[in-house]
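# Overview (structure and organization)
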Amino acid sequence: MTLKDKLSAEPGFQYVVDSLELMSAAGRRRMLQQEYLTDAAALNAELDNVGRIVAALSDEAFKRPVMHLRHQLMQMHDLQGTLNNLRQHVRLEELELFEIKSFALLCIETMRAASEMGVASLVALPDTHEVFALLDPDGTGLPNFYVYDSYHPDLGELRRQLKALQTRLDSMHVDGEELFDLQRRVNDLFDRQNQIQQQVVARLSDKLAAYHPILQEAHDRMAYTDFLFAKATLAQKWQLVRPEINHSSTQAFKHSSTLIKMWNPRLKHRNAELGLRYQPVDITMHNGTCLITGANMAGKTVLLKTVGIIQLMAQFGLFVPAEKAAVCLVDDVVLCIGDEQNEMNGLSSFASEIIKISDALTRAESEHLLLLIDEPARTTNPIEGKAIVQAVASILDGRKSTTLITTHYSQLGLPCRRLRVRGFVEGATDERLTPDNINRFIDYSLLPDDSDDVPQEAMRIAAILQCNASLLSEANAFLRLYNH
């Protein structure tokens, strides 16, 4: 599973990926090919790499080499097509020789900057001096390529003769038979020059083929360096933290993840633009099922999405949006949170939802998943809906997966763990409550909840918002009837 495979999982994760400041097309392709890591050692090694670059970016002493290295990454072109031709022993074009020469110099300059930053062993580009020297026989030290005179003993004299003849032709002092003879001689010299140049290019292509493994490795390492710098830059810009990776153990049900003051990047940045507050929250997750209750507007869906984003970021080797994070590795993150596309295609919301849940249950038989299910069966009738929630929660509580289920159903009779969003707090601010600022009165923190009932705050909020009096009166009368 690659990062590209998970981009459609949740728009918030797409927002994170789109915020990575990649400098090259090769770096972007490397990002999309990043594997979802489930091996703790490999993931910790990747996070170590990000941490080293973050430290370098934060050190004022490295400001100049950082700028130089970023400049090299910006100059990198995607050479994969040229490298494929080289691997297949296809004779290259002069433009491709220029690309290789320029790239070889780019690698040399990148390693120089990386050494100044103290991260040469991390960037680890192979030595491309021999490639550059092959394409720079006159020692110009420049990235541009030319079939130099020194590549063939006849080229220099041919070009001098061509220049002299061309000067005479351009002088406009020849005509008739002399003009014809000069043009014929120029054409012959041009043909001979082109023939020699093609021989040189063919010979260089053959010699460069032996360097294909080095150039391919350098290309891959440069692309990785671009991706690594993008991750570190995002970590610095957003003040992300390195997640602690909890190792798996034979006691499957001892797995846990703890996220302290976690936040949703897209929502937090949106709120900042609008001048709204954002409240980070804490959560600890264990294997098995956890039911999360709370009134509407209590941020339950955002909570699930944020947990999913953090898990994906961590297992793709990114730092995460939290004050502190300890993450247990899972085989996959599965979000069952609506499906507008299927609904637009004519599949009902319940049908789309239940298919997702069914697939997740099947996968959970053999995989360790992080399952995030938002108010399952909320669009069907309450009796069946409650039964479905009970069945899903009961089945998953016996699996090794970690499952968070938000629900409005009460009296589920399940022994699983429960959390409740604290919810509406009247008087939380000095403002007068209105429909536009009601979110300021919500406390999004999670509290342990031993009750089998869910919060009933809808009528209270409706009354504070001064909704239709008849609606409130009738609804409260029915509510008292139900509660008795």
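This report concerns the structure included in the present document. Remember, it's a predicted structure, so these values are computed and weren't measured experimentally.

### Some words on the overall build of the protein
- When you go through the protein residue by residue, the secondary structure sums to 19 helices and 10 strands.
- What you see for the protein is a C-alpha radius of gyration of 32 Å, clearly larger than the 23 Å of a compact globule of 484 residues, by over 25%.
- Each principal axis of the C-alpha distribution contributes one length, and for the protein these read about 115 × 55 × 45 Å.
- By the burial criterion, 46% of the 484 residues in the protein qualify as buried.
- Looking at the protein alone, contacts between residues at least 24 apart form 76% of all its contacts between residues at least 6 apart.
- Here the protein has roughly 24000 Å² of accessible surface; of this, 51% comes from carbon and sulfur atoms.
- Counting 49 positive and 63 negative side-chain charges, the protein places the averaged centre of each group 4 Å from the other.

### Points about the nonpolar core
- Core analysis: the largest hydrophobic core is formed by 115 residues, its most contacted members being Leu135, Leu208, Leu259, Met262, Ile283, Val307 and Leu404.
- The leading source of residues in this core is helix H12 (residues 212-238), at 13 residues.
- Not counting residues up to four positions away in its chain, the partners in contact with Met262 are Tyr278, Pro280, Val281, Ile283, Leu303, Thr306, Val307, Ile310, Pro321 and Ala322.
- Formed by 19 residues, the second largest nonpolar core is a distinct cluster that contains Leu291, Cys336, Ala364 and Cys416.

### Considerations on the pattern of salt bridges
- Counting across every chain of the model gives 17 salt bridges.
- Across the salt bridge formed by Asp48 and Arg242, the nearest N and O atoms sit 2.4 Å from each other. Highlighted residues: Asp48 in helix H4 (residues 40-57) and Arg242 in the loop between H12 and strand E1 (244-246), separated in sequence by 194 residues.
- Judged by relative accessible area, which is 38%, Asp48 ranks as partly exposed.
- On the basis of relative accessible area, Arg242 is assigned to the partly exposed category, the value being 33%.
- One salt-bridge network, in which partners are shared between bridges, spans Lys6, Asp332, Arg363 and Glu367.

### Details of unusual backbone geometry
- Not every positive phi belongs to a glycine, and His89 is a case in point at roughly 60°.
- Summarising the element assignment, His89 is placed in the loop between helix H6 (80-87) and helix H7 (94-117).
- For His89, a relative accessible area of 60% puts it in the exposed group.

### Some details on the pairing of strand E5 (residues 324-328)
- The element E5 is largely enclosed, with a buried count of four among its five residues.
- Summarising the sheet, E1 and E5 pair through three bridges and their orientation is parallel. By the bridge assignment, Glu244 is partnered in E5 with Ala326.
- Relative to E5, strand E2 (residues 256-262) runs antiparallel, the two being bridged by three bridges. What sits directly across from Ile260, in E5, is Lys324.

### A short note on the sheet that holds strand E9 (residues 417-424)
- Taken in spatial order, the six strands make up an open sheet running E6-E7-E8-E4-E9-E10, and their pairing is mixed. Two strands close off the open sheet at either side, each with one partner strand: strand E6 (332-336) and strand E10 (442-448). Looking at each pair of strands side by side, their axes are set apart by 15° on average, direction ignored.
- Pairing of strand E4 (residues 288-293) with E9 involves four bridges; the strand directions are parallel. Bridging from a neighbouring strand, Ile292 pairs with Leu419 of E9.
- On top of the sheet, helix H14 (residues 300-315) reaches E4, E6, strand E7 (369-374), strand E8 (402-406), E9 and E10; it is set at about 160° to E7, its chief contact.
- Docked against the sheet, helix H16 (residues 349-364) engages E6 and E7, running at close to 160° with respect to E7.

How each quantity is defined
- Residues numbered from 1 in each chain as written.
- Predicted model: local features only at pLDDT ≥ 70, side-chain atom pairs only at ≥ 80, totals over all residues.
- Heavy atoms only, no water.
- Helix = DSSP H or I, 4+ residues; strand = E, 2+ residues; numbered from the N terminus.
- Rg over C-alpha atoms; globule rule 2.2 N^0.38 Å.
- Buried < 20%, exposed > 50% of the residue type's maximum accessible area, 1.4 Å probe, protein only.
- Contact = heavy atoms within 4.5 Å.
- Areas by Shrake-Rupley, 256 points an atom, 1.4 Å probe, with all protein chains shown as cover.
- Lys, Arg positive; Asp, Glu negative; His and termini not counted.
- Charge placed at Lys NZ, Arg CZ, Asp CG, Glu CD.
- Core = buried A, V, L, I, M, F, W, Y, C linked by side-chain atoms within 4.5 Å.
- Salt bridge = Lys/Arg side-chain N within 4 Å of Asp/Glu carboxyl O.
- Pairing = 2+ DSSP bridges.
- Axes fitted to C-alpha atoms, helices over the stretch in contact; angles between N-to-C directions.

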